[in-house]
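Listed below are the residues making up each chain.
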Amino acid sequence: MTPLAQQALAEGASQISLVLFTTATPAGIVACVAITCYVLARRRPPADCARLQRFLIIPLAAVILGLIASTNHLGRPSNTLYVLMGVGRSPLSNEVVAVVVFTGLAWLGWLLSFARGRGLRAARVLLALSLPAAVFALARIAGAYSIATVITWSLPYTPANLVLAALTGGPVLALCVFSAAKVDPGRAAAAALATGIIAGIALTASECLQYAALQSLQSGLYRAADLVPFYPGCIAGPAALIACGLAVLAVPLARRVPLSTARCAGCAALVLAGLAVARFAFYCLRLTAGF
């Protein structure tokens, strides 16, 4: 391996906290949206909705764990407070605040799901408010890496890949919640799987287009393609993991067999592992303009 590639790997390893954040948090947000939409639908059995609301803590935990991991990127967790000083002008600050607002609304909605009467009504209102907050948070995360001076990141594929990754992992995580809560999602299961498959295919295609675009990018010293000669493997490997995870889910759904929690958890682990490898490759691919 060339010294340049070793340098790229070291760069990716130094950003492992952001790998965890951009893998777990967007997927958790999409899963929360899917479950919240199910809960707010008036035609659903109240008992099923009540159980799902309480199991909303699973994707929320993924969001919160991603946030906690991201604080390591700031040097010290205490530096998190300084993030608030850049709201409105810093993509990083806007990203963090948007995720915190969504998390606060969804967490309060989950907490009030254990109440009765007015508490339950307030929970539904908070969960409804969390839906636009989720869309905004996902948009802020996706747009945080459109940095003009980092020529390998300032591409249309950068935000597209992050959104597509969220739409690949989020539905699988949502199916885990349905299985853990012992709620039959009905046709929603097929819709979730179809969303994951389509998003996974689109993600792989987008990453291939990104790799093609790298061939014409270079700074004053290096070519982007030389920076990550292992990038094709970082496309094929995650694609294989994601395909395996989705295929294992597809078999019982095709046979109309209930999904077990263990199967869903294993599939989610495969899919999220694939997405994490792809995110790691993205952080290796950091090439600034100039010398």
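Computed from a predicted model, the values in this text were never measured in an experiment. (Residues numbered from 1 in each chain as written. Predicted model: local features only at pLDDT ≥ 70, side-chain atom pairs only at ≥ 80, totals over all residues. Heavy atoms only, no water.)

Thoughts on the environment of cysteine 32
One can find cysteine 32 in helix 2 (residues 16–40). Separated by 36 residues in sequence, cysteine 32 and isoleucine 68 have C-alpha atoms that sit 18 Å apart. If we ignore the near neighbours within four places in the chain, the residues touching cysteine 32 are Leu56, Pro59, Leu60 and Phe102. (Helix = DSSP H or I, 4+ residues; strand = E, 2+ residues; numbered from the N terminus. Contact = heavy atoms within 4.5 Å.)

Notes on the packing of aromatic side chains
Scanning all chains against the criterion turns up 9 aromatic pairs. With a centroid separation of 5.6 Å and an interplanar angle of 85°, the aromatic rings of tyrosine 145 and tryptophan 153 are classed as edge-to-face. Residue tyrosine 145 shares its accessibility class with tryptophan 153, and that shared class is buried. Plain terms: the ring middles of tryptophan 153 and phenylalanine 282 are 4.8 Å apart, the flat faces sit at 20° to each other, and that makes the pair stacked. Placement of tryptophan 153 in the loop between helix 7 (118–143) and helix 8 (157–180) and of phenylalanine 282 in helix 12 (residues 261–284) is noted, with a sequence separation of 129 residues between them. (Phe/Tyr/Trp six-rings, centres within 6.5 Å; stacked < 30°, edge-to-face > 60°. Buried < 20%, exposed > 50% of the residue type's maximum accessible area, 1.4 Å probe, protein only.)

What about the environment of phenylalanine 230?
Relative to the helices and strands, phenylalanine 230 resides in the loop between helix 10 (224–227) and helix 11 (231–254). Measuring from C-alpha to C-alpha, the distance between phenylalanine 230 and alanine 281 comes to 8.7 Å, with 51 residues separating the pair along the chain. Leaving out residues up to four positions away in the same chain, phenylalanine 230 has contacts with Ala5, Leu9 and Cys284.

Side note on the pattern of salt bridges
Two side chains that carry opposite charge are able to pair once their charged atoms sit near each other. A full pass over the atoms with the stated rule returns 1 salt bridge. Arginine 51 is the partner of aspartate 48 in a salt bridge, and the nearest nitrogen-oxygen pair spans 2.9 Å. Taken together, the positions of aspartate 48 and arginine 51, both in helix 3 (residues 46–54) and 3 residues apart, correspond to about one turn of that helix. Given the relative accessible area of 32%, arginine 51 is considered partly exposed. (Salt bridge = Lys/Arg side-chain N within 4 Å of Asp/Glu carboxyl O.)

Some words on a nonpolar patch on the surface
Together, Trp107, Leu108 and Leu111 line one region of the surface with nonpolar side chains, adding up to about 250 Å² of accessible area. Positionally, leucine 111 belongs in helix 6 (residues 91–111). We classify leucine 111 as partly exposed; its relative accessible area is 37%. (Patch = residues over 30% accessible without salt bridge, like charges linked within 9 Å, V, L, I, M, F, W, Y side chains within 5 Å. Areas by Shrake-Rupley, 256 points an atom, 1.4 Å probe, with all protein chains shown as cover.)

Distances and angles like these do not, on their own, reveal function.
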